[in-house]
Amino acid sequence: MRQRGTFLRHATLVGVSAIMLLPFYWVLKTAVTNENIYAYPPRLLPESPHLFNFVDVWYFIPFPRYLLNSLIVSALVVASNIVFNAMAGYALTKSFAGKRAILLLFLSCMLIPFQATIIPAYLITSKLGLLNSYLGLAFPLLSTIVCIFVFKAAFEAVPQSLVDAARIDGLSEWRVILRVLMPLSKAAIATNVVLAFIWSWNAFLWPLIITREPTMQTLPLGLARFLSYMEDTTGALYAFAVMVLAPSIFVFLMAQKEFIRGLTSGATKG
Amino acid sequence: MPHWATSRWVIAPLAIAGLVLAWNGYVALNDGGLVEGQVVDASGRPVPNANVILLERHFVMHNERQRTRTDRAGRFRFAGNDNHSLQLEAEAAGLGRTERRVVRLWFRAQNVRLAEPLQLAGKLP
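Residues numbered from 1 in each chain as written. Chains lettered and ligands numbered in written order. Predicted model: local features only at pLDDT ≥ 70, side-chain atom pairs only at ≥ 80, totals over all residues.

**Observations concerning the overall build of chain B**
Rule in force here: Note on conventions: DSSP H or I runs of at least 4 residues are helices, E runs of at least 2 residues are strands, and numbering of each starts at the N terminus. As a rule, residues whose C-beta atom has 12 or fewer other C-beta atoms within 10 Å are exposed, those with 20 or more are buried, and those in between are partly exposed; C-beta atoms are placed from the backbone. Think of it this way: build a C-beta for each residue from its backbone, and any pair within 7 Å is a contact.
If you tally the helices and strands in chain B, you get 1 helix and 9 strands. When the elements of chain B are put in sequence order from the N terminus, they spell out α-β-β-β-β-β-β-β-β-β. Taking the principal axes of its C-alpha atoms as reference, chain B extends roughly 75 × 30 × 20 Å. Taking all 125 residues of chain B together, the buried fraction comes to 25%. For chain B, the proportion of contacts with a sequence separation of at least 24, taken over those separated by at least 6, is 63%.

Next comes the structure, spelled out in structure tokens:
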């Protein structure tokens, strides 16, 4: 009886997973064929699959340049998120005057969409002379509030006695973070890496506004440009989408265990 | 072996870097830009002095890039191709013109020899 229940549960999960993965499969299938996505009746299996659409994408636009730009910006964002968010998260585990107000400010800032703050963000970036630069591209994502709370939750889960023991051993606050808290917060680090990478990798509006030269554009902008050039070649367009998605999926798969743990570590007590 | 060396964060990027290096090595050894093939008539006999046209793709258009003539054995050879998506067409007086053969390459300037000859509709006398 129990075996039957397990089988039914697994069968349901497989069915639901298949439904959720179907759009990804359809993108991949279209990328390896030149089929029209509106063809009726639709074919489940690809006919004469090939990988030449990926070659077209690589050469028809400066894909390696866009890839390099996206990688540099994402690396900047990931590194700064880990550093700044860990510092902010550690500060928020302490008691100080105005802590409650700062927490409320952070939470209220999360409610404001980025589109509403994009003009002041642009003006600040312009005043700093960071338009059309890698640092400018990464600027709004250098620290993110959600990830600060992830670090805060992870640091609060570390027993206070451990931090006290480190202090008695003579460690400074910086070294407490670096030597004690960070090694015990791998899940929070992984969550920061995944979220920061995906957000910066997929950013479209901000790079669209602050880049002036095609050589500074990132992959999502390249995708839009490619669409304007190649609107009749669905296969190549979907191949581009797959090539843009692949690094995000790779990073997520690499860090998924710690990512899930990091997201749920603050959800329960004990 | 140190613990960090067996981490997937080390192994996976290194494996990808290795594949990229290997691929670039293969490309460096095979990017001479040579396109070779043969033109035959309807009965499969080589056609000498046939005109062969190489067209290369620019987004959605194919533009003529080079022309050459076949030798006595019906063979032709283009050098200096730097595209990855080509079309080849052959024509000979009295034998007509072949359909355009699409030649897709894995990288720019890949050396390629056509497995199947370009076949004209007419027969040599």
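**So, the overall build of chain A**
Check the secondary structure of chain A and you find 13 helices and 0 strands. Overall, chain A shows an N-to-C arrangement of helices and strands of α-α-α-α-α-α-α-α-α-α-α-α-α. Across its three principal axes, chain A shows a C-alpha extent of roughly 70 × 70 × 30 Å. Expressed as a percentage of its 270 residues, the buried residues of chain A come to 29%. Here the analysis covers contacts within chain A between residues at least 6 apart in sequence; of these, 77% occur between residues at least 24 apart.

**Structural notes on helix H1 (residues 2-31) of chain A**
Residue and element names in this part refer to chain A. What counts is decided by this rule: In a helix, the anticipated span is given by 1.5 Å times the number of residues less one. Note on bend: at a given residue it equals the angle between the axes fitted to the 7 residues ending there and to the 7 starting there.
In a regular helix each residue adds 1.5 Å, so 30 residues correspond to 44 Å; H1 covers 42 Å between its end C-alpha atoms and thus fits that length. The largest bend along H1 reaches roughly 40 degrees and is located at leucine 21, with the proline proline 23 sitting one to four residues downstream. The element H1 is barely covered by neighbouring structure, given that only 3 of its 30 residues are classed as buried. Looking only at H1, the buried set comprises Lys29, Thr30 and Ala31.

**As for the nonpolar core**
The cut-off we apply is this: We call a set of buried Ala, Val, Leu, Ile, Met, Phe, Trp, Tyr and Cys residues a nonpolar core when their C-beta atoms link them within 7 Å.
Core analysis: the largest hydrophobic core is formed by 36 residues, its most contacted members being A:Phe151, A:Val193, A:Val194 and A:Ala196. Those elements that place two or more of their residues in this core are helix H3 (63-92), helix H6 (134-138), helix H7 (145-157), helix H9 (173-181), helix H10 (186-202), helix H11 (205-210) and helix H13 (234-265) of chain A. Of all the elements, H10(A) adds the most residues to this core, at 10 residues. In this view, A:Val193 contacts A:Val78, A:Val251 and A:Ala255; residues no more than four positions away in its chain are not counted. Judged by nonpolar contacts, the second largest core, of 20 residues, contains B:Val52, B:Leu54, B:Leu88 and B:Ala92.

**Concerning the packing of H7(A) against H10(A)**
Residue and element names in this part refer to chain A. Worth spelling out the cut-off: Axes here mean lines fitted to C-alpha atoms, for a helix over just the part in contact, with angles spanning 0 to 180 degrees between N-to-C directions. The scheme is simple: roughly parallel for angles under 35 degrees, roughly antiparallel for over 145, roughly perpendicular for 65 to 115, oblique for anything else.
Their axes nearest at 9 Å, the elements H7 and H10 cross at an angle of 170 degrees. Classed by the angle they form, the pair H7 and H10 counts as roughly antiparallel. Here Val146, Cys147, Val150, Phe151 and Ala154 of H7 come into contact with H10, specifically with Ala187, Ala188, Thr191, Asn192, Leu195 and Ala196.

**Describing the pairing of strand S1 (residues 35-40) of chain B**
Residue and element names in this part refer to chain B. Quick note on the threshold: If DSSP finds at least two bridges between two strands, the strands pair.
Of all 6 residues that make up S1, 5 are buried, and the element is covered over most of its length. Note: S1 against strand S4 (residues 75-78), 4 bridges, orientation antiparallel. Following the sheet pairing, glycine 37 is matched in S4 by phenylalanine 76. Summarising the sheet, S1 and strand S8 (residues 112-113) pair through 2 bridges and their orientation is parallel. Looking at S8, one finds that valine 35 is bridged to valine 112. Direction of pairing for S1 relative to strand S9 (residues 118-119): parallel, over a ladder of 2 bridges. Residue pairing in the sheet places valine 39 in a bridge with leucine 118 of S9.

**Points about unusual backbone geometry**
Residue and element names in this part refer to chain B. Look at asparagine 49: it is not a glycine, yet its phi comes out positive at around 60 degrees. Its place among the elements puts asparagine 49 in the loop between S1 and strand S2 (51-58). The exposure class of asparagine 49 is exposed, given the 12 C-beta atoms found within 10 Å.

**Observations regarding the interface of chain A and chain B**
What counts here: Residues are grouped as follows: Ala, Val, Leu, Ile, Met, Phe, Trp, Tyr, Cys and Pro are nonpolar; Asp, Glu, Lys and Arg are charged; every other residue, Gly included, is polar.
On the side of chain B, 10 residues touch chain A, which itself brings 9 residues to the contact. Of all the elements, helix H2 (residues 52-60) of chain A adds the most residues to the side of chain A that touches chain B, at 5 residues. A class-by-class count of the residues in the side of chain A that touches chain B yields 7 nonpolar, no polar and 2 charged.

**Describing H3(A)**
Residues and elements named next belong to chain A. Between its terminal C-alpha atoms H3 stretches 42 Å, which fits the 44 Å expected from 30 residues at 1.5 Å a residue. Among the residues of H3, those classed as buried are Tyr66, Asn69, Ser70, Val73, Ser74, Val77, Val78, Asn81, Asn85, Ala86, Gly89 and Tyr90. Packed against the buried residues of H3 are H6, H7, H9, H10 and helix H12 (219-229).

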